[in-house]
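Each chain is listed here by its residues.
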Amino acid sequence: MPNMEWSFNLSKYKCKNLHDPFGYKAPTENIEIRVQTKQGLTQKEIDVLNSKSWTVAKSPFQSIFMTLFMFWMTGNSISIWTLMITISFLISPFKQIFSVNQAFIAFEGKIPLFLQKVCFASLHLFILGVAVYKFSAMGIIPDKAIDWMALIEQTKPRNLAYGLF
């Protein structure tokens, strides 16, 4: 019996309204969901913008451990090096908090950014709190009762007793 090959040419049959057979699962890798928004972005583009905006929002978290390590390495003594490091970590969060809109300018108007901006600002407030704690540990911020002793009025004794010897 000779070798026979079977071949089917199904391109000549044009059936447009055929449904998939029962139990058939179409591959989901090539499916793209298109949801039109105001700006004409698809759902996939919105998801990418959301993940990138959250990356920007969580970026201060990456520097928190470096900040804590630097504060630990500088110690609590008052020196020019310690003051420079602490002042730079005190000023930097203020600059970043006041430039929140500049950090998210690439995403503005495309997706809602309220939670990302709150996360960004709160992480910088945490770094600011650590810097204030460092100043307190160094003794620069008057937070103990002994720091305010100069403001307490000294009492004058009413009676003085003098000893004979």
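Residues numbered from 1 in each chain as written. Predicted model: local features only at pLDDT ≥ 70, side-chain atom pairs only at ≥ 80, totals over all residues. Heavy atoms only, no water.

Q: Just checking my understanding: could you explain the pattern of salt bridges for this structure?
A: A side chain with one charge can pair with a side chain of the opposite charge if their charged atoms come near. Within this structure, the stated rule accounts for two salt bridges. One salt bridge connects Glu108 with Lys117, and the closest N-O pair in it is separated by 3.3 Å. Under the relative-accessibility criterion, Glu108 is labelled partly exposed at 42%. With a shortest N-O distance of 3.4 Å, Lys144 and Asp143 are connected by a salt bridge. (Salt bridge = Lys/Arg side-chain N within 4 Å of Asp/Glu carboxyl O. Buried < 20%, exposed > 50% of the residue type's maximum accessible area, 1.4 Å probe, protein only.)

Q: Can you walk me through the nonpolar core in this structure?
A: For soluble globular proteins, nonpolar side chains are generally found buried alongside one another. By size, the foremost hydrophobic cluster in this structure holds 14 residues, and its most contacted members are Leu49, Phe104, Phe107, Ile111 and Leu113. Every element with two or more residues in this core is listed here: helix 1 (43-57) and helix 5 (114-138). It is helix 5 that contributes the most residues to this core, four residues altogether. Other than its neighbours up to four places away in sequence, Phe107 contacts Leu49, Lys52, Ser53, Val56 and Leu113. Membership of the second largest hydrophobic core comes to five residues, among which are Phe71, Ile85, Phe89 and Ala131. (Core = buried A, V, L, I, M, F, W, Y, C linked by side-chain atoms within 4.5 Å. Helix = DSSP H or I, 4+ residues; strand = E, 2+ residues; numbered from the N terminus. Contact = heavy atoms within 4.5 Å.)

Q: Would you explain the packing of helix 2 (residues 59-74) against helix 5 in this entry?
A: The relative placement of two packed helices comes down to the angle between their axes together with the axis-to-axis distance. As a packed pair, helix 2 and helix 5 sit with axes 9 Å apart at the nearest point and diverge in direction by 5°. Between helix 2 and helix 5, the angle falls in the class roughly parallel. Side by side, helix 2 and helix 5 meet where Ser59, Pro60, Phe61, Ser63, Ile64, Thr67, Leu68, Phe71 and Thr74 of the first sit next to Phe120, Leu123, His124, Phe126, Ile127, Val130, Ala131 and Lys134 of the second. (Axes fitted to C-alpha atoms, helices over the stretch in contact; angles between N-to-C directions. Parallel < 35°, antiparallel > 145°, perpendicular 65-115°, else oblique.)

Purely spatial values, then, with no claim about function.
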